[in-house]
Amino acid sequence: MKKLIFSALTAVLALSLSACADKGETKAKEQSAATAKPTISEESLGLRKENLYTESGVAPVRKVARTEAPGTAKRFERSYENAPPLIPHSVDGLLPITKNNNACLGCHMPEVASSVGATPIPKTHFMDFRSQKMLDHLAQQRYNCSQCHVPQANVKPLVENKFKPDYRRPGDKSKSSLIHDLNEGVK
Ligand code: HEC
Ligand code: HEC
């Protein structure tokens, strides 16, 4: 009799154990299905919600770009100390810069800038950084202004940016001082 009860008990135990194991297995399967990352296609990798390869729905943002003519625009604060200043005025008719035509020079070369109220091109742009020598002309590497200085458009940022610049001198918000800081930490 005792033996019978014992084997009955073992049978029950074995059954419930196997049920447990089954449950565990299905649970694990469910979990892995839930945590499995959805596949991200290469076409959808761009920040714009557009097919990266065709970008068929992407339109230039020019329409909302600044429209104030040079001489009437309000300068931006520098994005950080010695950042290339953003172009605050309209660039309609000024871009693209070509080999034979660079309208920016007409107002920003130091000898004319003050007469039109423009910020003069700084000394760093008249320097050969390889030899560290001053030149008597604009350095060729600085000819294509819009490579570093960009016009602004009033659009919603694709990625939120919480960066806050930390200027060492109050004047650094509105002008560059790079020519004085060039060898900082070097010499
Ligand atoms: C007709 C004259 C004129 C032309 C051409 C011109 N600018 Fe300007 N620029 C100005 C004036 C004036 C300002 C000062 C803001 C204002 O009054 O509109 C200025 C401001 C700037 C600033 C901001 C400087 C600062 O201190 O924040 C940048 C950068 C700039 N221009 C770049 C350019 C580039 C690049 C081009 C060529 C695509 C260009 N500008 C063509 C007159 C001109
Ligand atoms: C290779 C990048 C680059 C190119 C090309 C370039 N700049 Fe700059 N620019 C900068 C940077 C960086 C600064 C800020 C640091 C400094 O003064 O050098 C600056 C500063 C300036 C300033 C502000 C000067 C001040 O005293 O605050 C003006 C104006 C300017 N650039 C105009 C121009 C014009 C016009 C062109 C084209 C002829 C041009 N830059 C080409 C990178 C560039």
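Our subject is the structure that appears above.
All residue numbers refer to positions counted from 1 along the written sequence of the respective chain. Following the order in which they are written, the chains are lettered starting with A and the ligands numbered starting with 1. At least 70 in pLDDT is required for a residue's local features to be given in this predicted model, at least 80 for side-chain atom pairs to be given and counted, and no such filter applies to totals for whole chains, interfaces and linings, which use all residues. Note that water and hydrogens are dropped before the side-chain values are worked out from all heavy atoms of the structure.

**Considering the overall build of the chain**
Alright, step 1. Numbering of helices and strands runs from the N terminus; a helix is a DSSP stretch of H or I covering at least four residues, while a strand is a stretch of E covering at least two. Counting its regular elements, the chain contains four helices and two strands.
Alright, step 2. Throughout, exposure labels follow a simple rule: accessible area from a 1.4 Å probe, protein chains only, divided by the maximum for the residue type, with under 20% read as buried, over 50% as exposed, and the rest as partly exposed. The buried share of the chain, reckoned over its 187 residues, is 14%.
Alright, step 3. In the chain, 50% of the contacts between residues at least 6 apart in sequence involve partners at least 24 apart.
Alright, step 4. Each accessible area value is a Shrake-Rupley result obtained with a 1.4 Å probe; residue values ignore everything except the protein chains displayed when judging cover. Per element, the accessible surface of the chain, about 15400 Å² overall, is 59% carbon and sulfur. Only heavy atoms matter for contacts: two residues are in contact if any of them lie within 4.5 Å across the pair.

**Side note on the coordination of the iron atom of ligand 2**
Alright, step 1. In this listing, donors mean N, O and S atoms no farther than 2.8 Å from the metal, or 3.2 Å for Na, K and Ca; water is missing from the atoms, so a site can look incomplete. H125 (NE2) and H149 (NE2) make up the full set of protein donors to the iron atom of ligand 2, lying at 2.0 to 2.1 Å.
Alright, step 2. All geometry calls rest on donor angles, where a four-donor set with angles between 85 and 135 degrees is tetrahedral, four- and six-donor sets with opposite donors more than 155 degrees apart and all others between 65 and 115 are square planar and octahedral, and all else is irregular. Every donor counted, the six donor atoms about the iron atom of ligand 2 form angles of 86 to 178° at the centre, which fits octahedral coordination. Linking H125 in the loop between α3 (110-116) and β1 (127-128) with H149 in the loop between β2 (133-134) and α4 (178-181), this pair joins segments that are 24 residues apart in sequence. Across this residue pair, the class does not change: H125 and H149 are buried.

**Considering the site of ligand 1**
Alright, step 1. Inspection of the region around ligand 1 gives 23 residues, with G71, H89, C104, C107 and H108 positioned closest.
Alright, step 2. Under the rule applied, a polar contact is a pair of N or O atoms within 3.5 Å (in protein, one hydrogen donor and one hydrogen acceptor; residues adjacent in sequence only if both atoms are side-chain atoms). In this structure, T72 approaches ligand 1 through a main-chain N or O atom, which is 3.4 Å from an oxygen atom.
Alright, step 3. Residue contributions to the shell around ligand 1 peak at four residues, all from helix α2 (residues 103-108).
Alright, step 4. Classifying every residue of the shell around ligand 1 by side-chain character gives 14 nonpolar, seven polar and two charged. One heavy atom suffices: a residue is near a molecule or strand as soon as one of its heavy atoms comes within 4 Å of it. The residue classification treats Ala, Val, Leu, Ile, Met, Phe, Trp, Tyr, Cys and Pro as nonpolar and Asp, Glu, Lys and Arg as charged. All others, Gly included, are polar.

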